[in-house]
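Notes for the structure review
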Amino acid sequence: QFDDTVAKGKVVSQTPSSGTGVKGDEITLVVSKGPELFAIPHVRGLRTNDARQKLEDAGFVVKVHHSSLFVGANYVVTVSPGEGTMVPKGTTVTINVV
């Protein structure tokens with residue numbers, strides 16, 4: 001199962017719990033798949049506020065960076081991590097605007 005706190009490949013739980021049961025009992029282990037991943041949506045070309053809203057609605061934290069070519073147009077030109085990248089919700093996504 002997906003788990004935000006237990007690393008991928010580690011045991012989340014077992015039934016029966018450790019130290020219980022008897023010899024020959026079936027033991028069921030639930031193994032973590034790590035955190036569930038989500039694709040960063042396409043926001044290049046959007047106005048800064050629209051891109052921020054779309055990313056926040058998808059569960060990401062947004063950082064706005066004014067590119068070295070910033071002229072006040074407030075359009076997104078690049079996204080980091082890149083659009084389509086699979087990351088956990090809560091990841092900080094930096095949008096570079098001009």
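A brief structural summary.

Further remarks concern the overall build of the protein. A count of helices and strands for the protein gives one helix and seven strands. Mapped from its N terminus to its C terminus, the protein presents α and β elements in the order β-β-β-α-β-β-β-β. The C-alpha radius of gyration of the protein comes to 21 Å, more than 25% above the 13 Å expected for a compact globule of 98 residues. Considering only C-alpha atoms, the protein reaches an extent of 70 × 20 × 15 Å along its principal axes. Relative to its full complement of 98 residues, the protein shows a buried share of 22%. Taking the intrachain contacts of the protein between residues at least 6 apart in sequence as the baseline, contacts between residues at least 24 apart amount to 63%.

Burial analysis of strand E7 (residues 92-97) places five of its six residues in the buried class, the great majority of the element. Relative to E7, strand E4 (residues 61-66) runs parallel, the two sharing six bridges. Bridge assignment links Val62 to a residue of E7, and that residue is Val93. The sheet contact formed by strand E5 (residues 76-80) and E7 spans four bridges and is antiparallel. Residue pairing in the sheet places Val76 in a bridge with Val97 of E7.

Moving on, we come to the environment of Lys63. Tracing the sequence through the fold places Lys63 in strand E4. When the C-alpha atoms of Lys63 and Ile95 are compared, they prove to be 6.3 Å apart, with 32 residues separating the residues in sequence. Filtering out sequence-adjacent residues up to four positions away, Lys63 remains in contact with Thr92, Val93, Thr94 and Ile95.

Scanning all chains against the criterion turns up one salt bridge. In this structure, the salt-bridge partner of Arg44 is Glu83, at a minimum N-O distance of 2.6 Å. Of this pair, Arg44 sits in the loop between strand E3 (37-39) and helix H1 (48-57) while Glu83 sits in the loop between E5 and strand E6 (86-88), and the two are 39 residues apart along the sequence. On the basis of relative accessible area, Arg44 is assigned to the partly exposed category, the value being 45%. A residue is classified by how much of its surface remains accessible, and Glu83, at 23% relative accessible area, is partly exposed.

The rules behind each value
Residues numbered from 1 in each chain as written. Predicted model: local features only at pLDDT ≥ 70, side-chain atom pairs only at ≥ 80, totals over all residues. Heavy atoms only, no water. Helix = DSSP H or I, 4+ residues; strand = E, 2+ residues; numbered from the N terminus. Rg over C-alpha atoms; globule rule 2.2 N^0.38 Å. Buried < 20%, exposed > 50% of the residue type's maximum accessible area, 1.4 Å probe, protein only. Contact = heavy atoms within 4.5 Å. Pairing = 2+ DSSP bridges. Salt bridge = Lys/Arg side-chain N within 4 Å of Asp/Glu carboxyl O.

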